[in-house]
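# Structural characterization, general
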Amino acid sequence: MSTSSHRRLLANAIRALAMDAVQKANSGHPGMPMGMADIAEVLWNDHLKHNPGNPHWPDRDRFVISNGHGSMLLYALLNLTGYPLTMDDIRGFRQLGSHTAGHPEHDLHLGIETTTGPLGQGLANAVGMALTEKNLAANFNRPGHEIVDHRTWVFLGDGCLMEGVSHEACSLAGTLKLGKLTAFYDDNGISIDGEVHGWFTDDTPKRFEAYGWHVVRDVDGHDPQAVEAAIAAALSVTDRPSLLCCKTIIGFGAPNKQGTESTHGAALGVDEVAAARKHLGWTSEPFVIPDEIRRGWDARARGAEAEGAWQKRFNAYAAQFPELAADYQRRVEGRLPAGWSDVVKAHVAQAAQATGSLATRQCSQQSLNAYGPGLPELFGGSADLTPSNNTNRKDSKTLTATDVSGNYLHYGVREFGMAAIMNGIALHGGLIPYGGTFLVFSDYARNGMRMSAIMKQRVIYVMTHDSIGLGEDGPTHQPVEHIPSLRIIPNMTLWRPCDALETAVAWSDAIERHGPTILALTRQAIPAQTRSAAQVEAVRRGGYVLKDCEGAPELILIATGSEVALAVDAAQVLQQKGRRVRVVSMPCTSVFDAQDAAYREQVLPRAVEKRVAIEAAAPETWWRYVGTRGAVVAMHSFGASGVGKDLFRHFGFTVDNVVSTAERVLSEK
Ligand SMILES: Cc1ncc(C[n+]2csc(CCOP(=O)(O)OP(=O)(O)O)c2C)c(N)n1
Ligand SMILES: [Mg+2]
């Protein structure tokens, strides 16, 4: 334990680095790091369990800055405690190619746990991390062998609490009694527009108490002893998450600007930086940390010791429970079990035999039943649509506050919270999360889905009721623009399978992929297609020839999901009329795009310029496949309330319309 004045000195190192880096970049947010420095100093020096020498240590505490504009706080902490984040990295704050991006970008090698910046989501990520810890502990720990035993700490600001997602995530965290989650609220009374009392007057402590949290009020965030006491209180309450409401002064130490919004998101200015140096008694040059202060922060020896002690305990555990230990190691490293590819092969072979009609949401459930039992890390859930999304499987066991060992979470009606919590689960490691809702409500979840994509996390979105085909619920529930708009998110993989086989392949691809996947699935039954062995094999390429003609085709129909059968029927009519027509099923455009040029040319020969794409969604993403001489049978308006079959007819998804569209395309010069 250090004395108060020494502690202040240590905290001032964060303040100096933050104001200097922001000043050098002439861009960034000095206010939060300067305001939360004292809290961070106590947490990191006295409580955080981590090893700068190994940011991958699976039993490390997780630390998340949800008010991610305060990224310089994290970079300063990582540098000072001994992670391989150098002073050059800090000098390069916010510059292209540096590791010190404007907002933290997930980079575990440096100890950056998650990408934050969209306010509120870091808090939800932390909920997912704490939940995962609790679940893994319940499944892996044995009496006397607590090999999973770490905490999740999260910093957040007024903005995080104003955001609705904080409600979704924290309400669920309270219900699930995530006792090892501790949140530090930077209660500085300031957001960008000024003093928050004009737009944020919630009684935050009462709000969190109502969620079932343990709340410590009125902590002086600049008094290390008060912070210490608040943390001690949090540690003593094990059956509820804790919110420590810390009163701070934004920009603490900048004598003329502290306490005002002017410190939030702009460089302090040369004069104010100089004044702050004087005010804080900080005499070092920019980007120079005196040795004594560096020693005070250096956590490498302590970290190595902590991990070494854990490793010893883990070795004892492994000696007694070798299978559990091997499974734990496999899962935290994100490796699939031995024999996984055999499981996929068997299920795919079975799905290839499917006949008759089935909704792809039901096909999806069959795949879950095939893949789930051998994959204990497959962690399901739904935003209160389990019977509609068919996300439960025969080995599903509901996770509850009293039995957290389950592999299925009822997220409640919280689509955004579910997405952001799943990101936290995936980031933590040890579980592969999937969660269901209606595709139309991807809008609610969307920024969380985008964050999965930015961070390339293995999160699987099971999104059913994927078109007007859902029927009577009407236009509020019928996705139109969703499929194309989700397809264009970089790193996002969207599969829209047409039957059991394509669904089986889509699921295996999602589980194997390092990045997020959306499975767009039908509510209504659609017929199984028949395929040759080569075609079965080709599904994993994202697009393939499903029906071909004698000789070179003069026209190609391209379809996905529920429209594949329509394309097949239309092709048959066209063939009967003497036309040479090929049908391409394209369940996943991005996977198809990633195939080699020769394969793509084989499926969609450049010479065949007459093409018609058919998809019950907005047409935009198909023009690049059909070209200017092609056409798209698509949705050009919102849907309507009615029987699904009637809607397909009404909106032109009929054999007649596809045939006449194809004939028009063929007739055009
Ligand atoms: C979802 C989202 N909306 C808006 C922003 C832009 N923004 C960044 S910080 C901020 C104000 C945050 O206030 P507070 O959390 O109190 O931070 P402080 O100024 O106290 O550091 C806003 C609106 C954002 N990053 N994320
Ligand atoms: Mg604030």
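Since this is a predicted model, take the numbers as computed values, not measurements. (Residues numbered from 1 in each chain as written. Chains lettered and ligands numbered in written order. Predicted model: local features only at pLDDT ≥ 70, side-chain atom pairs only at ≥ 80, totals over all residues. Heavy atoms only, no water.)

## So, the pairing of strand 11 (residues 432-438)
What counts is decided by this rule: Burial classification: accessible surface area is computed with a 1.4 Å probe over protein chains only, and a residue below 20% of its type maximum counts as buried, one above 50% as exposed, and the rest as partly exposed. Numbering of helices and strands runs from the N terminus, with a helix taken as a DSSP run of H or I at least four residues long and a strand as a DSSP run of E at least two residues long. Should DSSP find at least two bridges between two strands, the strands are regarded as paired.
Of all 7 residues that make up strand 11, 7 are buried, and the element is covered over most of its length. Pairing of strand 9 (residues 378-382) with strand 11 involves 3 bridges; the strand directions are parallel. Following the sheet pairing, L378 is matched in strand 11 by I432. Bridge count between strand 11 and strand 12 (residues 460-464): 5 bridges; the pairing is parallel. Counted as the bridge partner of T437 is M463 from strand 12.

## Some thoughts on empty space enclosed by the protein
Rolling a probe over the atoms, with the probe sized like a water molecule, indicates the empty space that remains. Applicable threshold: With a 1 Å grid laid over protein atoms only, a set of points is called a cavity when a 1.4 Å probe fits there but cannot get out and a pocket when it is open yet has protein on both sides within 12 Å along at least five of seven lines; lining residues have an atom within 4 Å of a point. Grid points are joined across faces, edges and corners, and a volume is the space filled by probe spheres set on the points. Throughout, the ten residues Ala, Val, Leu, Ile, Met, Phe, Trp, Tyr, Cys and Pro are labelled nonpolar, Asp, Glu, Lys and Arg are labelled charged, and all others, Gly among them, are labelled polar.
Counted by the stated rule, this structure contains 2 cavities of 30 Å³ or more. Estimates place the volume of the largest cavity at around 80 Å³. Quantified by volume, the second largest cavity comes out at close to 60 Å³. As for the second largest cavity, its lining consists of F63, V64, I65, L74, P104, G111, I112, E113, T114 and T116. Here the lining of the second largest cavity gets 3 residues from one element, more than from any other, and that element is strand 1 (residues 62-65). For the lining of the second largest cavity, a count of residues per class yields 6 nonpolar, 3 polar and 1 charged.

## What to know about the coordination of the magnesium ion (ligand 2)
How we decide: Note on donors: an N, O or S atom is included if it sits within 2.8 Å of the metal, or within 3.2 Å for Na, K and Ca, and water is never included, so sites can look incomplete.
The protein atoms donating to the magnesium ion (ligand 2) are D158 (OD), N188 (OD1) and I190 (O), with metal-donor distances spanning 2.1 to 2.2 Å. On the primary sequence, the residues serving as donors to the magnesium ion (ligand 2) are separated as D-x29-N-x1-I. Taken as a pair, D158 in helix 6 (residues 158-162) and I190 in strand 4 (residues 190-191) lie far apart in primary sequence, 32 residues in all. Each member of the pair D158 and I190 is classed as buried.

## Overview of the nonpolar core
Grouped burial of nonpolar side chains is what soluble globular proteins tend to show. Rules: We call a set of buried Ala, Val, Leu, Ile, Met, Phe, Trp, Tyr and Cys residues a nonpolar core when their side-chain atoms join them within 4.5 Å. In this analysis, two residues are considered to be in contact whenever any of their non-hydrogen atoms come within 4.5 Å of each other.
If you look at the biggest cluster of nonpolar residues, it comprises 79 residues, and the most contacted ones within it are L557, I558, I614 and F653. At 8 residues, the largest contribution of residues to this core is made by helix 20 (residues 500-512). When neighbours within four sequence positions are excluded, I558 is seen to be in contact with V584, M586, L604, V612, A613, I614, W622, Y625 and V626. Formed by 75 residues, the second largest nonpolar core is a distinct cluster that contains L181, A325, I425 and M449.

## A closer look at unusual backbone geometry
Comment: phi is negative for the bulk of residues other than glycine, and the bulk of peptide bonds are trans. If you check the backbone angles, F287 has positive phi at about 65° while not being a glycine. Positive phi, close to 60°, is recorded for H465, a residue that is not glycine. With respect to the secondary-structure elements, H465 resides in the loop between strand 12 and helix 19 (482-487).

## Things to note about the site of ligand 1
Our working rule: Nearness here has a simple test: a residue counts as near a molecule or strand if at least one of its heavy atoms is within 4 Å of that partner. Under the rule applied, a polar contact is a pair of N or O atoms within 3.5 Å (in protein, one hydrogen donor and one hydrogen acceptor; residues adjacent in sequence only if both atoms are side-chain atoms).
Among the 15 residues in the neighbourhood of ligand 1, the closest are listed as H69, G117, G159, N188 and H264. In this structure, an oxygen atom belonging to ligand 1 sits 2.9 Å away from a side-chain N or O atom of D158. When contributions to the shell around ligand 1 are tallied by element, the ones reaching two or more residues are helix 6 and strand 4. Of the residues that constitute the shell around ligand 1, the class distribution is 6 nonpolar, 7 polar and 2 charged.

## Brief notes about the packing of helix 7 (residues 164-175) against helix 8 (residues 204-211)
What counts here: Inter-axis angles, ranging from 0 to 180 degrees, are taken between N-to-C directions of lines fitted to C-alpha atoms, where helices are fitted over the stretch in contact. Note on angle classes: values under 35 degrees are labelled roughly parallel, values over 145 roughly antiparallel, values of 65 to 115 roughly perpendicular, and the remainder oblique.
The contact between helix 7 and helix 8 brings their axes to 8 Å, and the two run at 50°. When the axis of helix 7 is compared with that of helix 8, the two are oblique. Of the residues in helix 8, those touching helix 7 at S166, H167, C170, S171, G174 and T175 are R207, F208 and Y211. Grouping the amino acids of the contact of helix 7 with helix 8 by side-chain chemistry returns 3 nonpolar, 5 polar and 1 charged.

Function cannot be inferred from these measures alone, as they are strictly geometric.
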